[in-house]
Each structure stands twice: as C-alpha cells, then as structure tokens.
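Per-entry structural report
One-letter residues, chain by chain:
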Amino acid sequence: MTDTHLPALSPDNAAIAPGNAAVITGGASGIGLATAHKLLARGMRVAIADRPGSALDAAARDLANAAPNGDADVLAFALDVAIPGDLIRLRDAVAQRFGAVSFLMNNAGIGPNPGKPWQNPDGWRALIDVNFWGVVHGVQAFADAMLAAQAPGLIVNTGSKQGITTPPGNLAYNVSKSALKTYTEGLAHALRNEPGANVSAHLLIPGFTFTGLTEGATEKPAGAWTGEQVADFMLQSLGRGDFYILCPDNETPRALDEKRMAWAIGDIIENRPALSRWHPDYRAAFASYLAK
Ligand code: NAI
C-alpha cells in the first residue's frame, strides 16, 4: 500500500527507512495502530505490543493484510507495559525477529479516573504504572541496544496536553503525563549528551483524538482528529526534528494551546493561585487574556 502524500523526512530522521524495525506499545488501537500502518507503508517492519486479546489479534491481521510483505513485516506481542520484565521479553522477541530497532514509540496509556488526590491509592498506582512507568520500562528495555546499534534511532513517548496545562478532571492522568513530559525532556537531554549517540527522544502531545480512549462516542466528534491525522502530523514533525510534537485538533488551534500554556506558567510568574484558569476569581482575567 503506498501513501501518495508522504511528508518529507529530514536526513536527521533516517531512522524511518524501509527495512528498519519499529516497536509501538499500545499498537493495537488508536494512535499506535495508525502509526503502525504509516510505518508499514514506508516499508518498515513493525512490532505492536498491547494487552492480550481480540483487539491485538485483529490489529495484527489488519496490519499484515496491509503490509507489503504480509505477516513477515508484522509482530504482535501480548504484554502489560506496567511489568518491566514484559518489555525485556518484547525486546528479545523483536531482536530475534527483526534485529535492531530504529523507532520506539512508548504509547500505551489508560484513562480511568481513580478519584480525588486523597482517595484510592491502588487506582492511582495502577494508572501511573501504565502511563508513566510503562514508558520508562520501554526506554530502559530498548535504549542500550538502540545506542549500541550506532544507527539513527527515534524514541517517541506519547504525552498529553493534560500533562502540561493539567486541567481539573483526572488528576492521576495529569500527574502521569506531566511526569512523562519531565522524563522525556530529560531523556532528550541525556541522549544528546551521550557521546556518539545517534538516538533522539520526542514528546508526542496529541490533541483531542477519536480513539478507543475517547470514551462514549460512537462517531468521531467534529472537534476531534483521527489517529491517522495524529500519526501524519507526528511524522512531519519528526522530519523537522521537533522535540515537542504539539498536535492541534479541529477545535483547538496551536495559537490557543500556546495561550493556555503561557497562562499556566504565568501562575508561577504572576503569583496566582494554582490552576487559576479554573478559579472563579480569575475567570474574567483569563477570558480577556484569550481575547487579546
Ligand atoms: P487507545 O485506547 O485507542 O489505545 C491505547 C492502547 O494502549 C490500547 O490498545 C490499550 O489496550 C493499550 N494499553 C493500555 N494499557 C496497556 C498496558 N498495561 N499494556 C499494554 N498495552 C496497554 O487510545 P489512544 O487515544 O490511541 O491512546 C494512545 C496514547 O495517546 C495514550 O498514551 C493516551 O494517553 C494518549 N493521548 C490520547 C488522546 C486522545 O484524545 N485520544 C489525547 C492525548 C493523549
């Protein structure tokens, strides 16, 4: 299957090349599955890793049907990213099947709300085990081998705007994604200071995207992007070498995200209360700031 609108990739991202191997956690659905399709269309071989079950099996069949070399291009691996040993098993299975990995996307994520900051410690831990530790486990399993290959490599971690502007609603999710942002920034710094390293890290920040995670909707809401749009935007951004891959959607242009982020950091600079954007005393000030 060929894509006639392939965005140009810079030589910096020679990691995305025919015959190279990619690993995508959470690859059985949504943004991960859309990315798997895009990489297969570029001639890569792709391992999707997800929880065991019919979604993983169906995604593997779907990908193999679309892949230039069918089953030979696709590996489906059942795992729980919260378990570090599962990522080691994945690494070994991919190495045996495809050899060196040039593209690692730590993307698996969940969104159930465990509740208030002082409630449900098990629910909090379960969410952070997947959304934060699942990513760290992926990096810790794969990075050494990617560096040792001395070939161009990309590590993309899927964060969220909720990890940046931290809107009230699901605090545990916000915490997991803001920890992930900090971790990925530090990972990028560490990689660029690693002598001889040819591997870079990137933070994917999707907007509102219609996927398995967008609960409740059976049809794509008008404001949402599709997983395919996010995957295309990510590949274009990687081609430019962007670290922050800040996706718009159909209701939130980049300029609005920029204002929201600037207001959030302004809470510290202006000595406003935390999350002042949602504080009744600051409602008018925020509205007039947006209108400027
Ligand atoms: P999705 O639900 O379609 O895909 C997530 C995949 O992760 C699923 O296939 C799921 O089975 C898998 N997964 C969950 N827990 C796992 C575990 N413990 N081990 C292995 N696999 C596991 O959702 P979507 O939207 O494609 O999510 C991908 C990433 O994008 C997530 O990290 C999510 O937080 C992030 N994101 C999504 C947004 C949206 O509007 N859909 C917005 C911002 C971020």
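Residues numbered from 1 in each chain as written. Predicted model: local features only at pLDDT ≥ 70, side-chain atom pairs only at ≥ 80, totals over all residues. Heavy atoms only, no water.

**Looking at the pairing of strand S5 (residues 153–158)**
- Of all six residues in S5, six are buried; the element is thus mostly enclosed.
- Here S5 shows two buried faces, one formed by Gly153, Ile155 and Asn157 and the other by Leu154, Val156 and Thr158.
- With helix H4 (residues 121–148) bridging strand S4 (residues 101–106) and the parallel S5, this β-α-β connection has right-handed handedness. (Buried < 20%, exposed > 50% of the residue type's maximum accessible area, 1.4 Å probe, protein only. Helix = DSSP H or I, 4+ residues; strand = E, 2+ residues; numbered from the N terminus. Right-handed = clockwise from strand over helix to strand, strands pointing away.)

**Digging into a nonpolar patch on the surface**
- A surface patch of nonpolar side chains, about 350 Å² in accessible area, is lined by Ile265, Ile268 and Ile269.
- Of note, Ile265 is situated in helix H7 (residues 254–269).
- A relative accessible area of 49% places Ile265 in the partly exposed class. (Patch = residues over 30% accessible without salt bridge, like charges linked within 9 Å, V, L, I, M, F, W, Y side chains within 5 Å. Areas by Shrake-Rupley, 256 points an atom, 1.4 Å probe, with all protein chains shown as cover. Salt bridge = Lys/Arg side-chain N within 4 Å of Asp/Glu carboxyl O.)

**Topic: the site of the ligand**
- Near the ligand, the surroundings consist of 27 residues, among which Ser29, Asp50, Asp80, Tyr173 and Thr211 are the closest.
- For the ligand, a nitrogen atom lies 2.8 Å from a polar atom in the side chain of Asp80.
- Interatomic distance of 2.5 Å between a side-chain N/O atom of Thr211 and an oxygen atom of the ligand.
- Elements that contribute at least two residues to the shell around the ligand include exactly helix H1 (30–41) and helix H5 (171–192).
- A class-by-class count of the residues in the shell around the ligand yields ten nonpolar, 13 polar and four charged. (Near = heavy atom within 4 Å. Polar contact = N/O pair within 3.5 Å; in protein donor to acceptor, adjacent residues only side chain to side chain. Nonpolar A, V, L, I, M, F, W, Y, C, P; charged D, E, K, R; others polar.)

**Things to note about the side chain of Asn170**
- One can find Asn170 in the loop between S5 and H5.
- The buried category is assigned to Asn170, whose relative accessible area is 10%.
- Engagement of the side chain of Asn170 in a polar contact is seen with the backbone nitrogen of Tyr173, the distance being 3.2 Å.

**Examining the side chain of Ser237**
- Turning to its location among the elements, Ser237 is positioned in helix H6 (residues 227–240).
- For Ser237, the side chain forms a polar contact with the main-chain oxygen of Phe233, separated by 2.9 Å.

**A short note on the domain arrangement of the protein**
- Per the domain assignment, the segments of the protein are domain 1 (21–251) and domain 2 (253–292).
- Taking the mean C-alpha position of each, domain 1 and domain 2 sit 29 Å from one another.
- At the junction of the two partners, domain 1 supplies ten residues and domain 2 supplies ten residues.
- In total, domain 1 and domain 2 occlude about 820 Å² of area from one another, counting both sides; carbon and sulfur atoms represent 70% of this.
- A per-residue breakdown of the area domain 1 buries against domain 2 is headed by Thr165, Pro168 and Leu246, which together make up 55% of the total. (Domains from an automatic or database assignment. Contact = heavy atoms within 4.5 Å. Buried area = accessible area lost by both parts, 1.4 Å probe.)

**Thoughts on the confidence of the model for the protein**
- Chain-level pLDDT for the protein is 95 on average; 95% of the residues reach the 70-or-more range.
- Within the protein, the element-level pLDDT minimum falls on strand S7 (residues 209–210), averaging 96, and the maximum on strand S1 (residues 21–25), averaging 99.
- Predicted confidence is poor over residues 1–7, with pLDDT under 50, and the contacts of this stretch with residues over four places away or in other chains come to nine contacts. (pLDDT = per-residue confidence, 0-100.)

**With respect to the packing of aromatic side chains**
- Under the definition given, this model contains six aromatic pairs.
- Geometrically, the ring pair formed by Phe132 and Tyr183 is edge-to-face, given 6.0 Å between the ring centres and 90° between the ring planes. Residue Phe132 is found in helix H4, and its partner Tyr183 is found in helix H5; the two are separated by 51 residues along the sequence.
- For Phe132, a relative accessible area of 14% translates into the label buried.
- Pairwise contacts between aromatic rings join Phe132, Trp133 and Tyr183 into one cluster.
- Across from the ring centre of Tyr289, 5.3 Å away, lies the NZ or CZ of Lys259, which sits over that ring. (Phe/Tyr/Trp six-rings, centres within 6.5 Å; stacked < 30°, edge-to-face > 60°. Lys NZ or Arg CZ within 6 Å of the ring centre and 35° of its normal.)

**Observations concerning the sheet that holds strand S2 (residues 45–50)**
- One open sheet accounts for seven strands, arranged S3-S2-S1-S4-S5-S6-S9; its pairing is parallel. Strands at the two margins of the open sheet, each flanked by one partner only, are strand S3 (74–78) and strand S9 (244–246). Averaged over all pairs of adjacent strands, the angle between strand axes in this sheet comes to 15°, irrespective of strand direction.
- Bridge count between S1 and S2: five bridges; the pairing is parallel. Within S2, the residue paired with Val23 across the bridge is Ala47.
- Those strands touched by helix H3 (residues 84–98) are S1, S2, S3 and S4, and its axis lies near 160° from that of S3. (Pairing = 2+ DSSP bridges. Axes fitted to C-alpha atoms, helices over the stretch in contact; angles between N-to-C directions.)

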